[in-house]
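Understanding the architecture of this molecule
The primary structure of each chain is shown beneath.
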Amino acid sequence: LSYSLFMSVHDDCVVRELEVDDIEKFMELQDLFVQNHVDLTRAIYENVTVRDWLPHLVCLEKVLDTPGGRLEHAIAMAKRELEAFRNLRILVATAGNDTGTDTGNGTTSGNDAGNDIDTGNGTTSGNDAGIGFDASTAGNGTTSGTATDAGSCTATTSGNSCSRPSQLVGYIMYHCHPPCSRTKKFSPWDTPWPHVHVKQVFVAPSHRGRGCGKQLFQSMIEALKPAQRSDIRLEVLEMNVLACQWYRAQGFVIDGLTRAFLGNRDDYQVVAYHKMRRLLDAPAAKMATKVPVPLFREEVMDEVISVTYPDHAGTFDVAIVGWVEREKLHFVDSKGMSEWKGERFVNCLDLNELFCKGNVTFKRSLSLVMQDVEMSKKLKSEDLRELEKRKLQVDHEASWACSITDPESKRRPRLKKKK
């Protein structure tokens, strides 16, 4: 069966909708997508496994534990017959080289592992988006185009034009959300106008650097209705620096932070995501006037950051030494790290605004910063529970001591009979 409603032909690849016949190759690309997340996070968490990431990027644990569950889940996404996937769209990029065919540049088209750029948090779906990047989470969306038979296609690769069986080399998954009523607002991102949430973007390592990711992104834009293009959102793993830079080049800015918890509840690892957004037209101007919620407060005290000042004064390494709640400003100190005109300086700056504009980078991974914040919350919660436990124990001991010294207090008062 063919479910393709959209096709876009570019110089290096053909972009079309995912079909049921593509599921096997699509799942192989998703496996590379997951492995990329594992490789990125192992830089700070050595014990992270593929299983830790699968529920966040592919499907729920109960689906993974069901025999054949993941395959059925992928087929359901391609068919879009279920209500959960009705507005989900997956576009795939196909190239003319079949698996194992040499491309003339020393690489072989196939399932090589490599770095992809990610953006996003989501289940079957995931948390990332980008070129060779990933954006994970599932979405709703409609696409328009001409129905086309999705068999093999003719493509030009490595300078040789020939007709060969098509090979999947990348995909983009996105969700088109309809306008939300002001009286039925379910999340902070719901708006009275339609918006698109990019879940995942991935390009096979053998086809990176050829503009395939940009073609996938542009094909998604072409498939969207004009009203849907005004608000596009995604989430990028903060460790994926290349993906963040690529999205900034496409007009995205950081709109917030979110996190995911890997592993079991008792011993989890925290990974941070940048929420990014591209706003255009009237809704964008309206949203720009709203005061954003501060991303950082006193929890980033003593962290070392690199600040590029907008007035072209230069880039300096400083430590965060203070937070003013009323003005939402941070104090920084350059002691032992940087100098301005040969001297140490203390400055007051809007850390949140500079971070969203890309002028601030943390020397330590934001995931580790958030991990420390979560651990401090956990320890504080445990201390409160221990304090409450001790208080109950003291009250019990006091009551018991009172009953020993005054045996009459143990007697239960007689109840008066009702007339």
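All figures in this text were calculated on a predicted structure; none of them were measured in a lab.

**Digging into the layout of surface pockets**
Roughly 290 Å³ of volume is contained in the second largest pocket. Broken down by secondary-structure element, the contributors of at least two residues to the lining of the second largest pocket are α6 (241-249) and β15 (360-362). Per-element tally for the lining of the second largest pocket: the top contributor is α6, with four residues. In terms of residue class, the lining of the second largest pocket is built from seven nonpolar, five polar and three charged.

**Observations concerning the pairing of strand β6 (residues 167-177)**
A regular strand places its side chains so that they alternate between the two faces of the sheet. Of all 11 residues making up β6, 10 are buried, and the element is well covered by its neighbours. The sheet contact formed by strand β3 (residues 88-95) and β6 spans eight bridges and is antiparallel. Paired with Ile 90 across the strands is Met 173, a residue of β6. Taken together, the eight bridges between β6 and strand β7 (residues 195-203) define a ladder with antiparallel strand orientation. Bridge pairing in β7 places His 175 opposite His 197.

**Let's talk about the nonpolar core**
Grouped together as the largest cluster of nonpolar side chains are 93 residues, with contacts concentrated most on Trp 53 and Met 220. No other element matches the nine residues that helix α1 (residues 23-41) contributes to this core. With sequence-adjacent residues up to four places away left out, Met 220 is seen in contact with Leu 91, Ile 172, Tyr 174, Val 196, Val 198 and Ile 232.

**Here we look at helix α2 (residues 50-57)**
Within α2, six of the eight residues are buried, which leaves the element mostly enclosed by the surrounding structure. If you check which residues of α2 are buried, you get Asp 52, Trp 53, Leu 54, Pro 55, His 56 and Leu 57. Each element contacted by the buried residues of α2 is listed here: α1, α3 (61-65), β7, β8 (231-237), β9 (253-262) and β10 (269-279).

**Concerning the packing of aromatic side chains**
According to the stated counting rule, one finds 14 aromatic pairs in the structure shown. Arranged with centres 5.0 Å apart and planes meeting at 90°, the rings of Phe 296 and Phe 355 form a pair that is edge-to-face. Here the residue Phe 296 occupies a position in the loop between α7 (281-288) and β11 (304-308), and Phe 355 occupies one in helix α8 (residues 351-356), the gap between them amounting to 59 residues. The exposure class assigned to Phe 296 is buried, which follows from its relative accessible area of 3%.

Rules used throughout
Residues numbered from 1 in each chain as written. Predicted model: local features only at pLDDT ≥ 70, side-chain atom pairs only at ≥ 80, totals over all residues. Heavy atoms only, no water. 1 Å grid on protein atoms, 1.4 Å probe; cavity = no way out; pocket = protein on both sides within 12 Å on 5 of 7 lines; lining within 4 Å. Points joined across faces, edges and corners; volume = space filled by probe spheres on them. Helix = DSSP H or I, 4+ residues; strand = E, 2+ residues; numbered from the N terminus. Nonpolar A, V, L, I, M, F, W, Y, C, P; charged D, E, K, R; others polar. Buried < 20%, exposed > 50% of the residue type's maximum accessible area, 1.4 Å probe, protein only. Pairing = 2+ DSSP bridges. Core = buried A, V, L, I, M, F, W, Y, C linked by side-chain atoms within 4.5 Å. Contact = heavy atoms within 4.5 Å. Phe/Tyr/Trp six-rings, centres within 6.5 Å; stacked < 30°, edge-to-face > 60°.

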